[in-house]
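Letter by letter, the chains look like this.
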Amino acid sequence: MAESPRPRFSMVSAAYNVARYLPEFIDSIDRQIEENPGLIEVVVVDDGSSDETLEALRAWEGRRPGTVRVLTQPNAGQGAARNAGLEAAVGEWVTFPDPDDILEPGYIRSVVEFLDGRDDIDMVATNRLLLNDSTKELTDKHPLRRHFVAGDRARALTTFPDHFHGSAPAAFYRLDRIRKHDLRFDHRIRPNFEDGHFSSRYLLLAPEPTVAFLATARYQYRKRSDQSSTLQGSYRHPGRFTAVLRHGYLDVLETAERELGHVPEWLQNFVLYELSYYFAAEDSGSKVVAPAAVADEFHELMRRIVRYLDPEIVEAFSVVPLRGAARDVLLHAYRDEPWVSPYALVEHLDSRQGLVRVVYRFTGDAPEDMVLSGGEVTAPAYTKVRALYFHGRPLLRERIHWVPASHALRLVVDGRVRELRFTQPPVPARTLSPARLRQALRPRRKAAGASSAGWRDRLLLRVARSRPVSRRLRRSWVLMDRIHNADDSAEHLFRYLRENRKDIDAKFVVQRGTPDWRRLRRAHGRRVVAHGSLLWKLLMLNCQHLVSSHADIAVCRPPAITSLAPPSYRFTFLQHGVIKDDLSSWLNHRPLDVFVTSTQQEHDSIVGDDTPYIYTERETKLTGLPRFDLLYEQGQRFGPDQRDVMLICPTWRVWLVPPLKRGSQRRELVEGIEETQYVHEWLEVLRSTELADAAARHGLKVAFLPHPNMDVLAGKLDLPSHVEVVSFEGRDVRELFARSAVLLTDYSSVAFNAAYLDRPVVYFQFDRERMTQGGHVGRAGYFDYGRDGFGPVTETAADAVAAAVDIVDRGPEPDRVYLDRIAATFPVRDGRCRERVVDSIEGSTRRYRAPAADE
């Protein structure tokens, strides 16, 4: 009996609970089989699925006898399942498509046509496209798409070291070579880079590895809407910071050094590509941050890894952008010897104050430096050392000086004059692509600007710059809260200005037609300006100050204005609440000229040395929030016997609120939010009979105040009749806090509102680790709820309810320990926050005067 001819391709797939994706996957593989009869075998290993995966695979096997084989094993992980499939495969080439992905028509045909007549190819890499599971949108946005822009090409990696490939689902390998060298997937490498490790070890077996990059072979990688794929769920997995580094990156680097005597440049670039995701942003802005329990191990492994990375290759790495300080981290942070940047950046000129910001980086102890202005040693007007935190550790530091800009500047650090630069130096090139050549050497076109604007924009600019308009508006203060609503600190500061400082030309901005527009327009007439109107544009192009409680780009740098001209106004950030978390990754990219703070701890967390913020005493002012003045007034109106509300006010969760759709003014919530832990936990509180009984005993109301980003949630909940749903919009929420017998919240800064009035607080934090370790906006900052909080911290709904009931049973005042914390946090509550804010704004335009020697 003749043996069956050896198939050319084995498709080995590991399947685990993917029943809902299998119809599309199977259909795409069936197409390949039909387009390439006799060339393909399929081996699928069910890794102990608990859904209908195995049944669907068995049915497929029955329809494709001799072509599709289904193996089963107890759940052991993707790598173990692929290894089992490898043992059974018999093709010349093997690939590992994932069973939730799709192979486009002609996929295998493209591989066949390229390989025919060639024996120099070690690996085939196919073109990955991203399939959005929710919208079904297909995009060509993979970070390594540049490897495929030249079409179907073979690349020798020693000649093209900026090329590499590590995706087993989108790659083909020679099966005989795998068998000869007993190469297998290392199941210890979880949750990611198992493929990259396998691919790198495979390519290291070839003396001159050559990879075919096939743009025409299109592989659709599915981004699951529930974030359940191996890669999508990897950001929070401790193994990403330990096993991946130890058994993945470090192992391939050590293997190359041991087998070849050096680490090839292509492999260094591959590892640098992987590491770029670990250092893409500082801790406060990154979703990839090592858990505290493994942070020390992570940093020790990084120290070992960087020893194998050639500084010249790190310096020139450009496969993907090394953002922010990532390049300096990889070059210097893990070296034993201290380092100081050979240059300093001159980043920002404040022409009103006559100061310029100069910044340089270093590791180790702070160096000695000296600023010379006009040849004379000059003390900086403001200075600080900023720490750049990565994975819980300050790996770099920046010295920030604001220095007089009136004379020639020199900076001497550790006895050496440093170069002063206005921009970062360019990345040196070890390989120049045609696109980069054209970008660098093609004659530059004239920069777009007012000259290329439409005639309407040119006319608008001309009117804005005309003498009558400029004279009328150039000293204006423009105040606003959100675009579509008010009643926050900006409105209260505006009212203060109209009542007490009529010498200041104050205007308030809000969207026309909104309830706040109608309310404020009735009270203040034409001083209330419609956002987006012609007058608003003229104001924004001329005003002296923009003052807002919010710092979103749409507020502080609206595209409708920045597209016309660079803003000349000074921006004051009044804040919406007290900062307790680390928001530096967000706020460091905002143009803050005045940064309002309310507590000494908050202030110090921003301006102090070794904090992650770029701001100094120049911008940051301890004044208190303008709205605190009105809050304080309300608090005085309600004595202990008038506090009749049990207020429940949880904050939002970023993973439950998708980004705001373009043109929409109202946020939506994720599908199925009713089944989330967030809703289950808070419903247990809201439906608590103990809470209801306590409210009835003391004649209290139970009020539910959801965060504005989640105000649509209340309509989705089946709440008891005694729970009243209230909103931040359309009512005076200050009165709610003033009337509170207890506030039950989680992480919300509204606890500071209650504390300002000496009202009791209970914290309910069932998801503390996720919220404080980067799952939400920012990361945990200086504020420790157990040490600094204004009430007991609970983790279960039962404990939260019990704490709230205990408080209302005992009386309306917080315990002495919490009253002492409140007094230390807010030592001054005098109703003069607005006055101090105005003084700070006016002071921001005064020219800096160096103190006299005897001052």
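Definitions and limits used
- Residues numbered from 1 in each chain as written.
- Predicted model: local features only at pLDDT ≥ 70, side-chain atom pairs only at ≥ 80, totals over all residues.
- Heavy atoms only, no water.
- Helix = DSSP H or I, 4+ residues; strand = E, 2+ residues; numbered from the N terminus.
- Rg over C-alpha atoms; globule rule 2.2 N^0.38 Å.
- Buried < 20%, exposed > 50% of the residue type's maximum accessible area, 1.4 Å probe, protein only.
- Lys, Arg positive; Asp, Glu negative; His and termini not counted.
- Charge placed at Lys NZ, Arg CZ, Asp CG, Glu CD.
- Pairing = 2+ DSSP bridges.
- Axes fitted to C-alpha atoms, helices over the stretch in contact; angles between N-to-C directions.
- Parallel < 35°, antiparallel > 145°, perpendicular 65-115°, else oblique.
- Contact = heavy atoms within 4.5 Å.
- Nonpolar A, V, L, I, M, F, W, Y, C, P; charged D, E, K, R; others polar.
- Right-handed = clockwise from strand over helix to strand, strands pointing away.
- Phe/Tyr/Trp six-rings, centres within 6.5 Å; stacked < 30°, edge-to-face > 60°.
- Lys NZ or Arg CZ within 6 Å of the ring centre and 35° of its normal.
- Salt bridge = Lys/Arg side-chain N within 4 Å of Asp/Glu carboxyl O.
- Patch = residues over 30% accessible without salt bridge, like charges linked within 9 Å, V, L, I, M, F, W, Y side chains within 5 Å.
- Areas by Shrake-Rupley, 256 points an atom, 1.4 Å probe, with all protein chains shown as cover.
- 1 Å grid on protein atoms, 1.4 Å probe; cavity = no way out; pocket = protein on both sides within 12 Å on 5 of 7 lines; lining within 4 Å.
- Points joined across faces, edges and corners; volume = space filled by probe spheres on them.

**A few points about the overall build of the chain**
What the chain contains, in helices and strands, is 31 helices and 34 strands. Here the C-alpha radius of gyration of the chain, 31 Å, is about what a compact globule of 855 residues would show, namely 29 Å. Dimensions of the chain, computed from the C-alpha atoms along their principal axes, are close to 100 × 75 × 55 Å. Classification of the 855 residues of the chain by burial places 55% in the buried group. One finds the centroid of the 119 positive side-chain charges in the chain at a distance of 9 Å from the centroid of its 118 negative side-chain charges.

**Observations concerning the sheet that holds strand β22 (residues 528-530)**
Here seven strands make up an open sheet; going across it, the order is β22-β21-β20-β23-β24-β26-β27 and the pairing parallel. Each end of this open sheet is capped by a strand with a single partner; those strands are β22 and β27 (620-622). For this sheet, the mean inter-axis angle between neighbouring strands, taken without regard to orientation, is 25°. In the sheet, strand β20 (residues 477-480) pairs with strand β23 (residues 545-548) via four bridges, with the strands oriented parallel.

**Describing the packing of helix α15 (residues 489-500) against helix α22 (residues 626-637)**
Contact pair α15 / α22: the axes reach a minimum separation of 7 Å and the direction vectors enclose 80°. Considering their axes alone, α15 and α22 lie roughly perpendicular with respect to each other. On α22, the residues that touch Ser-489, His-492 and Leu-493 of α15 are Pro-626, Arg-627 and Leu-630. When grouped by side-chain class, the residues that make up the contact of α15 with α22 number three nonpolar, two polar and one charged.

**A short note on the pairing of strand β26 (residues 594-597)**
Here β26 shows two buried faces, one formed by Val-594 and Val-596 and the other by Phe-595 and Thr-597. Pairing between strand β24 (residues 570-573) and β26: two bridges, direction parallel. Following the sheet pairing, Thr-572 is matched in β26 by Val-594. Direction of pairing for β26 relative to β27: parallel, over a ladder of three bridges. Each bridged residue has a counterpart across the sheet, and for Thr-597 the counterpart in β27 is Leu-622. Once the chain exits β26 it traverses helix α21 (residues 600-607) before rejoining the sheet at β27, and the crossover so formed is right-handed.

**Observations concerning the packing of aromatic side chains**
Following the criterion strictly, the structure yields 42 aromatic pairs and no others. Aromatic pair Phe-9 and Phe-172: ring centres 5.5 Å apart, planes at 75°, arrangement edge-to-face. Of this pair, Phe-9 sits in strand β1 (residues 9-15) while Phe-172 is found in strand β9 (residues 171-174), placing the two residues 163 residues apart along the sequence. Directly above the ring of Trp-402 sits Arg-618, whose terminal nitrogen or CZ lies 3.9 Å from the centroid.

**Here we look at the pattern of salt bridges**
Counted by the stated rule, this structure contains 66 salt bridges. Between Asp-98 and Arg-82 there is a salt bridge, with its nearest N and O atoms 3.4 Å apart. Taken as a pair, Asp-98 in the loop between β4 (93-95) and β5 (102-103) and Arg-82 in helix α3 (residues 78-88) lie far apart in primary sequence, 16 residues in all. Look at Arg-82 and you get buried, because its relative accessible area is 1%. Residues joined by salt bridges that share partners form a network here, namely Glu-282, Asp-328, Arg-361, Arg-386 and Glu-398.

**A closer look at a positive patch on the surface**
Together, Arg-352, Arg-467, Arg-471, Arg-474 and Arg-475 make up a region of like positive charge exposed at the surface. The residue Arg-475 is located in the loop between α14 (467-473) and β20 in this model. When its relative accessible area of 59% is taken as the criterion, Arg-475 is described as exposed.

**Overview of helix α4 (residues 107-115)**
For α4, a buried count of seven out of nine residues is recorded, marking the element as mostly surrounded by other parts of the structure. All buried positions along α4 are accounted for by Tyr-107, Ile-108, Ser-110, Val-111, Val-112, Phe-114 and Leu-115. Where α4 terminates, the next one or two residues include Gly-117, which has phi positive at roughly 80°.

**Considerations on the sheet that holds strand β16 (residues 393-404)**
Strand order in the open sheet formed by five strands is β15-β16-β12-β11-β19, with mixed pairing between adjacent strands. The open sheet is flanked by β15 (382-390) and β19 (419-421), the only strands paired with a single partner. Strand-to-strand twist of the sheet, defined as the mean angle between neighbouring strand axes without regard to direction, takes the value 30°. Against the sheet, helix α11 (residues 326-333) touches β12 (355-362), β15 and β16, its axis set at about 115° to β16.

**Some remarks on the side chain of His-163**
Mapped onto the elements, His-163 comes out in the loop between β8 (153-156) and β9. The buried category is assigned to His-163, whose relative accessible area is 10%. Residues contacting His-163, with those up to four places away along its chain left out, are His-147, Arg-155, Leu-157, Phe-213 and Trp-266.

**A closer look at the packing of α15 against helix α16 (residues 515-524)**
Relative orientation of the contacting elements α15 and α16 amounts to 5°, with a least axis distance of 13 Å. The angle between α15 and α16 falls in the class roughly parallel. On α16, the residues touching Glu-491, Phe-494, Arg-495 and Arg-498 of α15 are Arg-519, Leu-520 and His-524. When the residues that make up the contact of α15 with α16 are grouped by side-chain class, the tally is two nonpolar, one polar and four charged.

**Notes on the pairing of strand β2 (residues 40-46)**
Of all seven residues in β2, seven are buried, a share of seventy percent or more. The pairing of β1 with β2 spans seven bridges and is parallel. Its bridge partner lying in β2, Ala-15 is registered against Asp-46. One crossover worth recording links β1 to the parallel β2 by way of helix α1 (residues 22-35), and it is right-handed.

**Re empty space enclosed by the protein**
Under the criterion given, the structure shown has two cavities of 30 Å³ or more. The volume enclosed by the largest cavity comes to roughly 40 Å³. Around the largest cavity sit Val-358, Val-371, Val-403, Leu-409, Arg-410, Leu-411 and Leu-420, which together line it. Counting residues per element, the lining of the largest cavity draws most heavily on strand β17 (residues 409-413), which supplies three residues. Class assignment of the residues belonging to the lining of the largest cavity gives a composition of six nonpolar, no polar and one charged. Space inside the second largest cavity adds up to approximately 30 Å³. Lining the second largest cavity are Thr-599, Gln-601, Phe-752, Tyr-782, Phe-783, Asp-788, Phe-790 and Thr-825. Looking at the lining of the second largest cavity residue by residue, the classes come out as four nonpolar, three polar and one charged.

**Looking at a nonpolar patch on the surface**
A surface patch of nonpolar side chains, amounting to about 300 Å² of accessible area, comprises Leu-432, Leu-437 and Leu-441. Along the chain, the position of Leu-437 falls in helix α12 (residues 434-441). Exposure remark for Leu-437: the relative accessible area of 37% places this residue in the partly exposed category.

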